[in-house]
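# Chain and residue survey
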Amino acid sequence: ALMITDECINCDVCEPECPNGAISPGEEIYVIDPALCTECVGHFDEPQCQQVCPVDCIPLDPQREETREQLMEKYQRITAA
Ligand code: SF4
Ligand code: SF4
C-alpha cells in the first residue's frame, strides 16, 4: 500500500482518482486505508494518486510492502465484496 506523508497540502486532487475509494480526508491530512489500496493493481498500470499529487507526497509505505500477487488478491477481495 501507499501512504500519504505530512507534506500533504489537503488539495483533494487524489481522492476522486482512487479506483478503490481508499483515500479520505483524515483529521489533519489525507489518509490512505491500506486495506483498500492495491497500488492500483487491477485497475491501472500506475498508482493514480501518485500521478496527480502536486507535491509528490505519496510514497510506498515501507511498513506495508506487498507483492503484485498480494495486491491482486486484495483487488479480487475488494471487487468481490
Ligand atoms: Fe488508491 Fe491507487 Fe492511490 Fe492506492 S495507489 S490509494 S489504490 S489511487
Ligand atoms: Fe494531499 Fe497529494 Fe492528495 Fe493533494 S493530492 S490531498 S497533496 S496527498
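The structure presented is a predicted model; accordingly, all values stated were derived computationally and were not measured. (Residues numbered from 1 in each chain as written. Chains lettered and ligands numbered in written order. Predicted model: local features only at pLDDT ≥ 70, side-chain atom pairs only at ≥ 80, totals over all residues. Heavy atoms only, no water.)

### A few points about the overall build of the protein chain
Inclusion rule: Secondary structure follows DSSP: runs of H or I at least 4 residues long count as helices, runs of E at least 2 residues long count as strands, and numbering of each begins at the N terminus. With C-alpha atoms as the basis for the radius of gyration, the globule rule is written as 2.2 Å multiplied by the number of residues raised to the power 0.38. Exposure is judged per residue with a 1.4 Å probe applied to protein chains only, and the accessible area is read against the type maximum: over 50% gives exposed, under 20% gives buried, and values in between give partly exposed. Contacts are assigned to residue pairs with any non-hydrogen atoms lying within 4.5 Å of each other. Computed with a 1.4 Å probe, the accessible areas rest on the Shrake-Rupley method; for each residue, only the protein chains presented here act as cover. A residue counts as positive if it is Lys or Arg and as negative if it is Asp or Glu; His and the chain ends are not included. By convention, charge coordinates are those of NZ in Lys, CZ in Arg, CG in Asp, or CD in Glu.
Along the protein chain, the regular secondary structure elements total 2 helices and 2 strands. A compact globule built from 81 residues would reach a C-alpha radius of gyration of about 12 Å, and the protein chain, at 12 Å, matches this within 12%. Its C-alpha atoms give the protein chain principal-axis dimensions of about 30 × 25 × 25 Å. When the 81 residues of the protein chain are sorted by exposure, 32% land in the buried category. A fraction of 65% describes how many contacts in the protein chain between residues 6 or more apart in sequence connect residues 24 or more apart. Summing over all exposed atoms, the protein chain offers an accessible surface of approximately 5,100 Å²; the carbon and sulfur share of this is 46%. Of the side-chain charges in the protein chain, 4 are positive and 17 negative, and the distance between the mean point of each set is 10 Å.

### Let's talk about the site of ligand 2
Keep this limit in mind: Near is defined per residue: the residue qualifies when any heavy atom it owns lies within 4 Å of the molecule or strand. Just so you know the grouping, Ala, Val, Leu, Ile, Met, Phe, Trp, Tyr, Cys and Pro go in nonpolar, Asp, Glu, Lys and Arg go in charged, and all remaining residues, Gly too, go in polar.
Among the 13 residues in the neighbourhood of ligand 2, the closest are listed as C8, C11, D12, C14 and C53. Its residues placed into classes, the shell around ligand 2 shows 11 nonpolar, 1 polar and 1 charged.

### Here we look at the site of ligand 1
The environment of ligand 1 is made up of L2, C18, P19, N20, I23, I32, C37, T38, E39, C40, P47 and C49. Residue composition of the shell around ligand 1, by class: 9 nonpolar, 2 polar and 1 charged.

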